[in-house]
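Structural description and commentary
Chain by chain, the residues:
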Amino acid sequence: MNMKEILKASLFAFFDLLSLFGYSQSGPPVILIGPPMNRLEVMRLEYNKPVGLNEIRMSECFKSYPKLNTLITCAYSQFESKDKQFFVFTTLYRPLSAEDSVFMSKISPNKIKTLDWMHEANIKGNIRESLGEDSAANWRSFVHYGTLGNARKFFNADSLLTYTIKLDPMDAYQGKFNHLEVLCIAKKRRGVIYLFELYTDEGKRNLMTYQKELEGIFRFKE
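Computed from a predicted model, the values in this text were never measured in an experiment.

1. Some details on the packing of aromatic side chains
Tallying each qualifying case throughout the model produces 14 aromatic pairs. Ring centres of Phe 62 and Tyr 173 lie 5.6 Å apart, and the angle between their planes is 65°; on these two criteria the pair is classed as edge-to-face. Within this pair, whereas Phe 62 is found in the loop between β2 (53–56) and α3 (66–72), its partner Tyr 173 is found in the loop between β6 (159–166) and β7 (179–187), the two being separated by 111 residues in sequence. Here Phe 62 and Tyr 173 have matching classes, each one buried. Residue Tyr 173 is classed as buried on the basis of its relative accessible area of 4%. Put simply, the rings of Phe 62, Tyr 65, Phe 87, Phe 89, Tyr 173 and Phe 177 pair up and form one aromatic cluster.

2. Quick word on the nonpolar core
Residues Leu 68, Phe 89, Ile 123, Tyr 173, Leu 180, Tyr 194 and Leu 198 are the most contacted members of the largest nonpolar core, which totals 27 residues. Breaking this core down by element, the ones donating at least two residues are α3, β4 (86–93), α5 (118–131), β6, β7 and β8 (191–199). Setting aside its immediate chain neighbours within four residues, Tyr 173 contacts Glu 60, Phe 62, Tyr 65, Leu 68, Phe 87, Phe 89 and Leu 198. Ranked by size, the runner-up nonpolar core spans 25 residues in total, among them Leu 40, Phe 155, Ile 193 and Leu 214.

3. What about the sheet that holds β8?
Spatially, β2-β3-β4-β8-β7-β6-β5 is the arrangement adopted by the 7 strands of the open sheet, whose pairing is antiparallel. Here the strands that pair on one side only, and so sit at the sheet edges, are β2 and β5 (144–145). Here strand β3 (residues 77–81) pairs with β4 via 4 bridges, running antiparallel. Its bridge partner lying in β4, Glu 80 is registered against Phe 87. Lying on the sheet, helix α7 (residues 148–155) is in contact with β6 and β7; it crosses β6 at an angle near 95°.

4. Some remarks on the environment of Ala 157
Here Ala 157 is to be found in the loop between α7 and β6. Given a relative accessible area of 0%, Ala 157 falls into the buried group. As for Ala 157 and Lys 221, which are separated by 64 residues in sequence, their C-alpha atoms are 9.4 Å apart. Ala 157 has contacts with Leu 148, Ala 151, Arg 152, Ile 185, Ala 186, Lys 187 and Phe 220, leaving out every residue within four places of it along the chain.

5. Quick look at the side chain of Gln 85
Positionally, Gln 85 belongs in the loop between β3 and β4. Polar side-chain contacts of Gln 85 include one of 2.6 Å to the side chain of Thr 200.

6. A short note on α7
Among the residues of α7, those classed as buried are Ala 151, Phe 154 and Phe 155. Relative to the axis of α7, the buried residues are bounded by an arc of 90° and lie together on one face. Buried residues belonging to α7 abut β6, β7 and β9 (218–220). Positive backbone phi, at 50°, marks Asn 156, one or two positions downstream of α7.

7. Details of the state of the cysteines
Using the criterion set out here, one finds 1 disulfide in the structure. Here Cys 61 is linked by a disulfide to Cys 74, with a sulfur-sulfur distance of 1.9 Å. In this structure, the disulfide formed by Cys 61 and Cys 74 twists by about 115° around the S-S bond and is classed as right-handed. Note that Cys 61 is positioned in the loop between β2 and α3 and Cys 74 in the loop between α3 and β3, a separation of 13 residues in sequence. Of the residues examined, Cys 74 reaches a relative accessible area of 6% and is grouped as buried.

8. Description of the pattern of salt bridges
One pass over the full model with this rule turns up 5 salt bridges. The residue Asp 158 makes a salt bridge to Arg 152 at a minimum N-O spacing of 3.6 Å. Glu 215 serves as the salt-bridge partner of Lys 212, at 3.4 Å between the closest nitrogen and oxygen. Under the relative-accessibility criterion, Lys 212 is labelled exposed at 54%. Each of Arg 152, Asp 158 and Lys 187 takes part in a single network of salt bridges with overlapping partners.

Cut-offs and rules
- Residues numbered from 1 in each chain as written.
- Predicted model: local features only at pLDDT ≥ 70, side-chain atom pairs only at ≥ 80, totals over all residues.
- Heavy atoms only, no water.
- Phe/Tyr/Trp six-rings, centres within 6.5 Å; stacked < 30°, edge-to-face > 60°.
- Helix = DSSP H or I, 4+ residues; strand = E, 2+ residues; numbered from the N terminus.
- Buried < 20%, exposed > 50% of the residue type's maximum accessible area, 1.4 Å probe, protein only.
- Core = buried A, V, L, I, M, F, W, Y, C linked by side-chain atoms within 4.5 Å.
- Contact = heavy atoms within 4.5 Å.
- Pairing = 2+ DSSP bridges.
- Axes fitted to C-alpha atoms, helices over the stretch in contact; angles between N-to-C directions.
- Polar contact = N/O pair within 3.5 Å; in protein donor to acceptor, adjacent residues only side chain to side chain.
- Arc of directions from axis to C-beta.
- Disulfide = S-S within 2.5 Å.
- Salt bridge = Lys/Arg side-chain N within 4 Å of Asp/Glu carboxyl O.

The following block contains the structure:
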């Protein structure tokens, strides 16, 4: 990543950690398990537990997996398929508060004011990290854009973006989850949701079945 993209990725990680530990200016941090309630409230999100997936209430920062740590950083909710061939890690990025904007304007030469567009820079950086500089220059060709109809139907969102990364054996999660598909769900001025789907070669055959369980897992309220 270049310095501009490193800054953007760092900002994502910074705001993710604030919610991981229940940051509040008015009180001490409180460790949260599952989708942070304060983030759900701020983003006006409805959470619906997937029926066909097991919920695992623990965070994961991939400290033993440098590649995944770069691509995902930290996730605070996990879901696992019944056959244990499919994992989902979720991350929610809330919109900026006035205090956040002041902080970001101090550390960013470009005076970033919004997260509405930052998910695209994050995706571009992930594609550069996984596929190289040439691919990053044409990053949109590696991204599938879902229809607005499906974005509204399943998540009441404005946009759906997905991209897939094949992990090298040394980077495979738990030594066997060697495929990563990322679903990015965005709604203007409300935030961004990432679903990081890790699956095995065996799980790839049932991918559409697993993904069906994710429809409506989060839904932006009206």
